[in-house]
Amino acid sequence: MGTIISVVNQKGGVGKTTTAVNLTAALHKRGKKVLLCDFDPQANATSGLGVDKDEAAASSYDVIINGKPAAEAIVHTQYGDLIPSSANLCGAGVELIAIPNREYVLHDALESVKADYDYIFIDCPPSLELLTLNALCAADAILVPVQCEYYALEGLSDLMTTMRAVKRGLNPNLYLFGVVLTMFDGRTNFSAQVAEEVRRHFPGKVFAAAIPRNVRLAEAPSHGLPVWAYDKFSRGAKAYEDLADEIMQKEG
């Protein structure tokens, strides 16, 4: 039975999608069965794995709103499996309101394929609303990317409050899988200070592998490639390889 991990942070631009895409690819490369569910209407994770959202036969929207079986929405890529997103997902939060047990729609859909994978990652939208609530109810754990910048911890208290509320009332087994430091610049004292502050707030939960600021990481999505397929010798590729190894050790 696989582990479902929601990659979540309501703050945009923290490397959430980059982390979801590159962990999927790195773990797939290591022989793991990995599924990435793109649950963000922007569909950046979909294009990041080289899939055209406009050409996909089905999407995560069809799964949660139209009752499409998750297995029928899966696209197989050379970097791992994917349930694509689509622009229709923008209005799904409103449409979900009228659905019974609306918080568990994604959970119920992914349960049917959970046994087929070692890891299922959910790339969440950058907000705490009904789509993200679905992702938290579907997940076993959450993975939180935190950028090494001035406002790094801004809003994280809201995320943790939401996680605790979900744990109390909707998903009692939900836990914090870990925190990933992103946009880390080892040449500056500032990044080190932010990293230390994050570790103080999340003792024992911050991964040792920090994701650096790296131009190859920024360029890879425009080519529809995870970073190791774009430039396997880049610092960004090495960092996600290390993070994937760390996650496997943690799970093992």
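So, here's what we can say about the structure.

Reading the values: the criteria
- Residues numbered from 1 in each chain as written.
- Predicted model: local features only at pLDDT ≥ 70, side-chain atom pairs only at ≥ 80, totals over all residues.
- Heavy atoms only, no water.
- Helix = DSSP H or I, 4+ residues; strand = E, 2+ residues; numbered from the N terminus.
- Expected span 1.5 Å × (residues − 1).
- Buried < 20%, exposed > 50% of the residue type's maximum accessible area, 1.4 Å probe, protein only.
- Arc of directions from axis to C-beta.
- Patch = residues over 30% accessible without salt bridge, like charges linked within 9 Å, V, L, I, M, F, W, Y side chains within 5 Å.
- Areas by Shrake-Rupley, 256 points an atom, 1.4 Å probe, with all protein chains shown as cover.
- Salt bridge = Lys/Arg side-chain N within 4 Å of Asp/Glu carboxyl O.
- Core = buried A, V, L, I, M, F, W, Y, C linked by side-chain atoms within 4.5 Å.
- Contact = heavy atoms within 4.5 Å.
- Pairing = 2+ DSSP bridges.
- Axes fitted to C-alpha atoms, helices over the stretch in contact; angles between N-to-C directions.
- Polar contact = N/O pair within 3.5 Å; in protein donor to acceptor, adjacent residues only side chain to side chain.
- Parallel < 35°, antiparallel > 145°, perpendicular 65-115°, else oblique.
- Left-handed = near helix turned anticlockwise from the far one by under 90°.

## Brief notes about helix α8 (residues 156-169)
Phase 1: Here α8 spans 20 Å end to end across 14 residues, near enough to the 20 Å set by a 1.5 Å rise per residue.
Phase 2: Burial in α8 covers these residues: L156, L159, M160, M163 and V166. The arc that holds every buried residue of α8, seen down its axis, measures 120 degrees, which confines them to one face. Among the exposed residues of α8, those oriented more than 90 degrees off its buried face are R168 and G169.

## Quick word on a nonpolar patch on the surface
Phase 1: Residues Y150, Y151 and F190 make up a contiguous nonpolar surface patch of roughly 380 Å² in combined accessible area.
Phase 2: Within the secondary structure, F190 is located in helix α9 (residues 189-201).
Phase 3: A relative accessible area of 37% places F190 in the partly exposed class.

## Quick look at the nonpolar core
Phase 1: Ranked by internal contacts, the top residues of the largest apolar core, which has 53 residues, are I64 and I122.
Phase 2: In terms of residues, this core owes the most to one element, helix α7 (residues 130-138), which gives six residues.
Phase 3: Among residues more than four places away in sequence, those in contact with I122 are I4, I5, S6, V7, C37, F39, L106, L110, A135 and A138.

## Focus: the sheet that holds strand β2 (residues 34-38)
Phase 1: Ordered by their spatial adjacency, seven strands build an open sheet running β3-β4-β2-β5-β1-β6-β7, and the pairing between neighbours is mixed. Strands with a single pairing partner mark the edges of an open sheet, and in this sheet they are β3 (75-77) and β7 (175-182). Direction aside, neighbouring strands of the sheet carry axes that sit 25 degrees apart on average.
Phase 2: Inspection of the sheet shows β2 paired to strand β5 (residues 119-123) by five bridges, in the parallel sense.

## Here we look at the side chain of T24
Phase 1: For T24, the location among the structural elements is in helix α1 (residues 16-29).
Phase 2: The buried category is assigned to T24, whose relative accessible area is 0%.
Phase 3: Engagement of the side chain of T24 in a polar contact is seen with the backbone oxygen of A20, the distance being 2.7 Å.
Phase 4: If we ignore the near neighbours within four places in the chain, the residues touching T24 are V34, L36, L49, Y79, G80 and F121.

## Remarks on the packing of α1 against helix α12 (residues 235-251)
Phase 1: At a minimum axis distance of 9 Å, the contact between α1 and α12 shows a crossing angle of 70 degrees. As far as their axial angle goes, α12 and α1 are roughly perpendicular. As for the relative orientation of α1 and α12, their crossing is right-handed in sense. Contacts between α1 and α12 pair T18, T19, N22, L23, A26, L27 and K29 from the former with Y240, E241, L243, A244, I247 and M248 from the latter.

## Quick notes on the environment of H76
Phase 1: The residue H76 is located in strand β3 in this model.
Phase 2: Separated by 73 residues in the primary sequence, H76 and T3 have C-alpha atoms spaced 19 Å apart.
Phase 3: At 2.9 Å, the side chain of H76 and the side chain of D81 are in polar contact.

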